[in-house]
Amino acid sequence: MADLIKTIGFIGVGVMGKSMVRNLMKKGYRVTIYARTKEKVQDVIDDGALFCESIKACVKNKDAVITIVGYPKDVEEVYFSQEGVLNSAAKGTYLIDMTTTTPSLSVKISEEAQTKGLKALDAPVSGGDTGALNATLSIMVGGDKTDFETCKPVFEAMGTTIIYEGQAGSGQHTKMANQIAIAGIMAGVSEAIAYGNKVGLDIPTMIDSIKNGAAQSWHMTNNAPKMHKREFEPGFYIKHMVKDLKIANEEVANLKVLEDVLEMYETLEKKGDGDLGTQALCKYYEK
């Protein structure tokens, strides 16, 4: 199956996309990229990716196309514009959207792809910049199962937990569940640090004491020390977490943890912190 996909057009070469492109090339895939600003992806070009000046050129005659852009409106533009993916990819191309977007948009892409002889999968990821760098992303895939199996070697170049979730849109629904769980954990870690600060604990000692017990989580191990050191470089942006939690809230309303943490992140975004990493949630507790 791996031989069925050799060439990949990649759109969305950002914080995570750069590492994903590099990992694909390490596995022998020939990767063509498109970005609005060439200078921002020059390092990936230097590593061997071929740059194209348009989406149309990037996806032309590729075995697969991968997109990971910012917001649903960006996905809509990339796929449905006159010279977008759906109008430019050759018949039989596998279209893999790894953006976290609305499940309904993933279904729309899938349905339109079928009319054009294309094969679409929604495959949002979890793991942030670290997971992208180390090729340890969790990838949640919706769409046709046969198409999933064909594309699995591509996913394995970027991640370690690759699971078929069901029909089109199911990958996005699973990612929503993931984001809700992360939101609750991040709030809990933030509150633990706020508590420790208020009662005068040595925070690094506190973190070491609880990170391997029942309170253990990836965020306790990786983001709690960043919160204490006030290291807010984004592995995943606050503004993107706001986007994701809003999507989840529109899908299923009246989920208490989701609504509470969304309000916290929106408060920070309104204060100008949208481009900080999600670990900056600890700032909410400093007001």
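Structural data are supplied above this passage.
Here the structure is a predicted model, which means the values were calculated and not measured.

A.B. asks: What's the story with the overall build of the protein in this structure? I'm lost.
C.D. replies: A count of helical and extended segments in the protein gives 13 helices and nine strands. Its C-alpha atoms give the protein a radius of gyration of 20 Å, near enough to 19 Å, the size a compact globule of 287 residues would have. Each principal axis of the C-alpha atoms in the protein carries an extent, and together these give about 65 × 40 × 35 Å. Counting all 287 residues of the protein, 51% fall into the buried class. Considering only contacts within the protein whose residues lie at least 6 apart along the sequence, 64% involve residues at least 24 apart.

A.B. asks: Sorry, what's going on with empty space enclosed by the protein here?
C.D. replies: The method is simple in principle: a probe with the dimensions of a water molecule rolls over the atoms, and the space it marks as empty is what remains. If you walk through the whole model with that rule in mind, you get one cavity of 30 Å³ or more. The volume enclosed by the largest cavity comes to roughly 70 Å³. The residue makeup of the lining of the largest cavity, split by class, is six nonpolar, four polar and two charged.

A.B. asks: What exactly am I supposed to notice about unusual backbone geometry here?
C.D. replies: For residues besides glycine, phi is generally negative; the peptide bonds are generally trans as well. For A135, which is not glycine, the phi torsion reads 60° and is therefore positive. The backbone phi angle of N254 is positive, close to 65°, even though this residue is not glycine. Given the relative accessible area of 68%, N254 is considered exposed.

A.B. asks: Honestly, the pattern of salt bridges in this entry has me stumped. Any pointers?
C.D. replies: Should the charged atoms of two oppositely charged side chains come close, the side chains can pair. Within the structure shown, the criterion is met by 14 salt bridges. D208 serves as the salt-bridge partner of K211, at 3.4 Å between the closest nitrogen and oxygen. The residue D273 makes a salt bridge to K283 at a minimum N-O spacing of 3.1 Å. Placement of the pair is D273 in helix 13 (residues 256-273) and K283 in the segment after helix 13, with a sequence separation of 10 residues. Assessed through its relative accessible area of 10%, D273 is described here as buried.

Cut-off values and rules
Residues numbered from 1 in each chain as written. Predicted model: local features only at pLDDT ≥ 70, side-chain atom pairs only at ≥ 80, totals over all residues. Heavy atoms only, no water. Helix = DSSP H or I, 4+ residues; strand = E, 2+ residues; numbered from the N terminus. Rg over C-alpha atoms; globule rule 2.2 N^0.38 Å. Buried < 20%, exposed > 50% of the residue type's maximum accessible area, 1.4 Å probe, protein only. Contact = heavy atoms within 4.5 Å. 1 Å grid on protein atoms, 1.4 Å probe; cavity = no way out; pocket = protein on both sides within 12 Å on 5 of 7 lines; lining within 4 Å. Points joined across faces, edges and corners; volume = space filled by probe spheres on them. Nonpolar A, V, L, I, M, F, W, Y, C, P; charged D, E, K, R; others polar. Salt bridge = Lys/Arg side-chain N within 4 Å of Asp/Glu carboxyl O.

Geometric descriptors of this kind do not, in isolation, establish any biological role.
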